[in-house]
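# Topology and contacts: notes
Listed here are the chains, written in short residue letters.
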Amino acid sequence: MIFTRFKNRTYQDGKCNIPNVITCKAEDGLAQQALQGFLVLYPNAVCVTDTNTECFIEFKNDTADKAKSEQYKLEISENKMTVYCQDERGGINGAATVALLLCNEEIQTGEIVDYPDCAYRSFMIDMARGLPSMADIKNTILSMALSKFNHLHLHLMDSKGICYKSNALSKLGCGVGGQFEIADIQEIIQLCQILKITIVPEIEMPAHAKAIVKAYPELACDTDTDCHWTVCPGVEATWVYYERLIQEVASIFPDEYIHIGSDELEFADLPKLNQLCFWDSCEACKQLREREGLADRQAQFYYVVNRMYDIVKQTGKKMMMWNDQIDVTKDVPLDRDILVEFWRVAEPGRGPYENCSMAGLLEKGFRVINADYPHTYCDLEEYMTPEKLHDWNPTVRPNVPDEYKQQIIGGEACAWEFGNLKNYPFYAVTAAPAIMLFGDKVWDFKDRTYTDGDRMLMAAYLFGVTPKNDILSCIGSLIPPREANRYTYVDSVPAQLINRCIEELQTCEKPHYEHNAKAFIQQLHKIADAQ
């Protein structure tokens, strides 16, 4: 079995003879695009331009039968692998399968026909609360492509600032780790375009606004405190700056959606955080309510979202937002083409408590991405685990009536604080395994029981070769620990096993896989030092 699981695989008696040099070619069109993606995922392959030359791998167009979106077919004979591309994403999915199969010592002959169970398979990288290295970002994107993700959510902006040097908000920096140049962002975009991964850029408003209000004090509500958790919707300057920002983001990112954030309007239950909303007492907000006929803060929130919706729409884009401030027990005056990302029911003091359920959103007619934090978040030990994922899929938890499940178009795993290496160093070894496990569950909704054999499979796809040693047995789980100063779930790991695993990983030289190997070598050294 592979990560991700195949829908249909038939086996023949033979074995595929894997040559020392992997040669490949493609027909024009979709097949050529799939070949370009394969060369990124398996850069040691040799591309042959002479169409008459026999190659080990060939990509062909197959658009006659489009029964399933993103479907591909792979024929494996003793001396050849042929990928049939149904559409752009189908070709890349087939390329990913071939790249992973080549990590195995043996490949059985036969045929694979494969397609996903949901249309939207996403991973979020938080770049606003710590700047990841370009190498880490690219390696994560490659892991995503190998696990057949088709969306990358980039969290660009938060209370610490914005992760790139914005011309629209030139005074706004980033308090953690510096900023990317726009050229760096474009490099990420180019890689995703080759791998057919759609990017969803996220700004943040109206909350998480400390940095932007500090840079532009004219956006602040009129209060007697130094709390500037939200921008003031009642001053026109707010809309001037956010319109500039949206226009800039729309010009940088070519894909269809812009995520506006819109979560966590305040933390009234935790006043010591000083993260409060003062719209009720701000004079400019009072005048806005009177002018626009807004009854209360909830109505003012919808006004903000609708105004952002109009700004986004003017750029030709569509809008996404988080769910936790939408009160589904009452009329929701928002356009239903807004794609809502569900992450939680709000805590008391943080929004419409118990009134923002996923079932309620679906009943109101919204399409939803499931990012329910206990199952999909990667930043804390108690969130995503193999035990939680084995029987999860985006339509299962939170529980919703069957008639609404078709409106759940996919799921997203969220790596908050991804670039904050000081406080979250574990992402070096947890991101790739989490991507594999989550990618499998949004590709194939069937339950999966993880066994010892899955450790060896995951290691093969982490390091690009079937390992001789059970490397992940040193960790004790398919996802390493996410606690400070904890590196394994095993009480005692034999020193000889650690040394053998390190020696084996030191021989890993394949691009992408070498990045993973170096991170796990460091983890194994930490395990040894802690014993």
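Residues numbered from 1 in each chain as written. Predicted model: local features only at pLDDT ≥ 70, side-chain atom pairs only at ≥ 80, totals over all residues. Heavy atoms only, no water.

### Quick look at unusual backbone geometry
- Cis peptide bonds are those with omega within 30 degrees of zero, and the linkage from methionine 205 to proline 206 qualifies with 5°.
- Along the chain, proline 206 falls in the loop between β12 (198-205) and α5 (210-215).
- For the peptide bond that leads from arginine 397 to proline 398, omega is -5°, which places it in the cis range.
- Tracing the backbone shows proline 398 in the loop between α11 (386-389) and β17 (408-415).
- One non-glycine residue, asparagine 274, lies in positive phi territory at about 60°.
- For asparagine 274, the location among the structural elements is in the loop between β13 (257-261) and α7 (283-292).
- Of note, the phi angle at histidine 512 is positive, near 75°, even though the residue is not glycine.
- By the element assignment, histidine 512 lies in the loop between α14 (495-505) and α15 (513-530).
- A relative accessible area of 11% places histidine 512 in the buried class. (Helix = DSSP H or I, 4+ residues; strand = E, 2+ residues; numbered from the N terminus. Buried < 20%, exposed > 50% of the residue type's maximum accessible area, 1.4 Å probe, protein only.)

### Brief notes about the nonpolar core
- Membership of the largest hydrophobic core comes to 171 residues, with the highest contact counts inside it found for Phe38, Phe59, Met81, Tyr164 and Ile212.
- With eleven residues, the top contributor of residues to this core is helix α12 (residues 427-443).
- Excluding residues within four positions of it along the chain, phenylalanine 38 makes contact with Cys24, Ala45, Ile57, Phe59, Ala95, Val98, Ala99 and Leu102.
- If you look at the next biggest cluster of nonpolar residues, it comprises eight residues, including Trp322, Ala371, Tyr377 and Trp416. (Core = buried A, V, L, I, M, F, W, Y, C linked by side-chain atoms within 4.5 Å. Contact = heavy atoms within 4.5 Å.)

### Re the pattern of salt bridges
- Counted under the stated rule, the structure contains 29 salt bridges.
- Two residues, arginine 344 and glutamate 347, come together in a salt bridge whose shortest N-O distance is 2.7 Å.
- Looking at glutamate 347, the relative accessible area reads 30%, which means it is partly exposed.
- The partner of glutamate 514 in a salt bridge is lysine 518, and the shortest N-O contact between them spans 3.8 Å. Residue glutamate 514 and its partner lysine 518 are located together in helix α15, separated by four residues, close to a single helical turn.
- One salt-bridge network, held together by shared partners, links Arg5, Lys7, Asp117, Asp440, Asp444, Lys446, Arg448 and Asp454. (Salt bridge = Lys/Arg side-chain N within 4 Å of Asp/Glu carboxyl O.)

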